[in-house]
Amino acid sequence: MAAVLSCRDVSKRYGRTQALDKVSLQVDEGEMVALLGPNGAGKTTLFQLLTGLFVPDSGSVEVLGADMRRNPVAALAHLGVVFQQPALDLNLTVRRSLRFHADLHGLPSSVSRPRIEALLQRFGLAASAGELGRKLSGGNRRKVELLRALLHEPRLLLMDEATVGLDPASRVQLLQEVLQAREERSIGVLWATHLVDEAQRAQRVIVLHKGTVRFDGTPQALCAAQGQETLEAAFLQLTGGERHAKAA
Ligand code: ADP
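This one's a predicted model, so the numbers in the text were calculated from it and none came from an experiment.

### What about the site of the ligand?
All residues adjacent to the ligand are Y14, T17, A19, P38, N39, G40, A41, G42, K43, T44 and T45. Interatomic distance of 2.9 Å between a backbone N/O atom of G42 and an oxygen atom of the ligand. Separating an oxygen atom of the ligand from a backbone N or O atom of K43 is a distance of 2.9 Å. Contact with the protein chains removes 58% of the 560 Å² of surface that the ligand exposes when unbound. Going through the elements one at a time, β2 (17-28) and α1 (43-50) are the ones with two or more residues in the shell around the ligand.

What follows is the structure, given as structure tokens:
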């Protein structure tokens, strides 16, 4: 299976805080990987490096073999991203907003227009296409952001705690949409979250804690490694447990 994301020995420091310390991880095509970490683990910092917003102090990030630092245009061309902070223009209609982003990607309208209409149908948003962004529910706004991230048919989708602020039903729905997009298009997904239930559906879980990778494997293997029945108990033992040990 080909790697769509490869991150090797990535480190990043803010003053005295070592936010990431030699983090290595890989996402293969068609694979859903959950990046699970408590607040402060370094998830946001990692996403900033994976999207080329900041450069690591050391280490490298490659998207489909294109180095994010040396060849950012090629690396970003394969990347779709939904950031934690909502970023939908509330004063544009959904369709206008999507067409604008398709133009930004340089997609000819003969390609983008039918693609947008098909995705609107597929996401159950066709009836809202003429509405202003501000008229949509929080869950549907996020779905539009997901749709927007898929417009240029990326091979890697990064979701940075994208369900923050959503009600439980909308959270489940967004996760479901991402799982389906992964299946239909065989894209690799890195889904960052601090919510264990969202990691349950992933094929692989990477636990990030205090800037280092503490576990990388299937949810079942994480439970087995920690001798716990549930993923939540295993995750808490792996992350919270150490806090108690240090305090002792
Ligand atoms: P997460 O997204 O998992 O909550 P972050 O990447 O936001 O984690 O933070 C990792 C660590 O780096 C934390 O200790 C945080 O306080 C610190 N940090 C993050 N961003 C900055 C910044 N811009 N300046 C200083 N420290 C930061």
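Okay, back to it.
### Quick word on the sheet that holds strand β5 (residues 66-67)
If you trace the four strands from one edge of the open sheet to the other, you get β2-β1-β4-β5, paired in antiparallel fashion. Looking at the sheet topology across the chains shown, the edges are occupied by β2 and β5. Here strand β1 (residues 3-14) pairs with β2 via eight bridges, running antiparallel. Across the sheet, S6 pairs through a bridge with Q26, a residue of β2.

### Thoughts on the pattern of salt bridges
The final tally for this structure, using the stated rule, is 16 salt bridges. In this structure, R155 and E29 form a salt bridge, with 2.8 Å as the shortest nitrogen-oxygen distance. With R155 in the loop between α5 (138-150) and β7 (156-160) and E29 in the loop between β2 and β3 (32-36), this residue pair connects regions lying 126 residues apart in the sequence. Salt bridges sharing common partners tie together R122, K143, E177 and E184.

### A short note on a nonpolar patch on the surface
A contiguous nonpolar surface patch, about 280 Å² in accessible area, is contributed by L53, F54 and F83. By the secondary structure assignment, L53 is in the loop between α1 and β4 (58-63). Of the residues examined, L53 reaches a relative accessible area of 52% and is grouped as exposed.

### Description of the UniProt feature "domain: ABC transporter" (unreviewed entry) in the protein
According to UniProt, the "domain: ABC transporter" (unreviewed entry) feature falls on residues 5-235. Measuring from the first to the last C-alpha atom of residues 5-235 gives 24 Å, for a span that is 38% helix and 27% strand.

Calculation rules
Residues numbered from 1 in each chain as written. Predicted model: local features only at pLDDT ≥ 70, side-chain atom pairs only at ≥ 80, totals over all residues. Heavy atoms only, no water. Near = heavy atom within 4 Å. Polar contact = N/O pair within 3.5 Å; in protein donor to acceptor, adjacent residues only side chain to side chain. Areas by Shrake-Rupley, 256 points an atom, 1.4 Å probe, with all protein chains shown as cover. Helix = DSSP H or I, 4+ residues; strand = E, 2+ residues; numbered from the N terminus. Pairing = 2+ DSSP bridges. Salt bridge = Lys/Arg side-chain N within 4 Å of Asp/Glu carboxyl O. Patch = residues over 30% accessible without salt bridge, like charges linked within 9 Å, V, L, I, M, F, W, Y side chains within 5 Å. Buried < 20%, exposed > 50% of the residue type's maximum accessible area, 1.4 Å probe, protein only. UniProt positions renumbered as here; feature names shortened; annotations may be inferred.

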